[in-house]
Amino acid sequence: MIVCTRCGTPNQDKARRCERCGHKLQSSARPVAEPVKVWEQLEPLRSNVTPEKRAELLRMVEACLYSAALLIAAVVSAVLGTWTPLYAAIAVVAILVLVRRL
Ligand SMILES: [Zn+2]
């Protein structure tokens, strides 16, 4: 089926001219809006991760990194036999958490 570009009337595939207005039909012409439709279908997938969700995820990753830093400091402290590195790490992480408001 070919839709007339002038009046919008559907015509037979073999028709050379619009049966309603006589406008010349282009048999190989495809709807111009087709690539746009594909993007519209992809849009929900792309916008599935909202900026709020992303920010929350980043904060969780950040918190996990801080926890890992504390764990490493604890291990280092245990190996060295002194708790000074752990105290320093706790202080640094506490300040970071305060500043970043996690
Ligand atoms: Zn027409």
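Residues numbered from 1 in each chain as written. Predicted model: local features only at pLDDT ≥ 70, side-chain atom pairs only at ≥ 80, totals over all residues.

*Asks:* Residues and numbers for the overall build of the chain, please.
*Replies:* Looking only at helices and strands, the chain features 3 helices and 2 strands. Taken from the N to the C terminus, the helices and strands of the chain come in the order β-β-α-α-α. Each of the 102 residues in the chain was classed as buried or not, and the buried ones make up 3%. Restricting the contact set of the chain to residue pairs at least 6 apart, pairs at least 24 apart contribute 16%. (Helix = DSSP H or I, 4+ residues; strand = E, 2+ residues; numbered from the N terminus. Buried ≥ 20, exposed ≤ 12 C-beta atoms within 10 Å, placed from the backbone. Contact = placed C-beta atoms within 7 Å.)

*Asks:* Please provide a residue-by-residue account of the packing of helix H2 (residues 51–80) against helix H3 (residues 84–100), values included.
*Replies:* Close contact between H2 and H3 brings their axes to 8 Å; oriented N to C, the two are set at 170 degrees. Between H2 and H3, the crossing angle belongs to the class labelled roughly antiparallel. Within the contact between the two elements, H2 uses Glu62, Tyr66, Ala69, Leu70, Ala73, Ala74, Val76, Ser77 and Leu80 and H3 uses Pro85, Leu86, Ala89, Ile90, Val93, Leu96, Val97 and Arg100. Of the residues contributing to the contact of H2 with H3, the split by class is 14 nonpolar, 1 polar and 2 charged. (Axes fitted to C-alpha atoms, helices over the stretch in contact; angles between N-to-C directions. Parallel < 35°, antiparallel > 145°, perpendicular 65-115°, else oblique. Nonpolar A, V, L, I, M, F, W, Y, C, P; charged D, E, K, R; others polar.)

*Asks:* So what's going on with H3? Residues and values would help.
*Replies:* The terminal C-alpha atoms of H3, which comprises 17 residues, lie 24 Å apart, in line with the 24 Å expected from a rise of 1.5 Å per residue. Counting buried residues along H3, only 0 of its 17 residues qualify, which leaves the element largely exposed. Looking at the residues trailing H3, positive phi occurs at Arg101, about 55 degrees. (Expected span 1.5 Å × (residues − 1).)

*Asks:* Run through H2, naming residues and quoting values.
*Replies:* With 30 residues, H2 should cover 44 Å at 1.5 Å per step; its first-to-last C-alpha distance of 43 Å lies within 8% of that length. With 1 of 30 residues buried, H2 is to be regarded as a mostly surface element. Where H2 ends, the next residue or the one after it, Gly81, has phi of about 80 degrees, a positive value.

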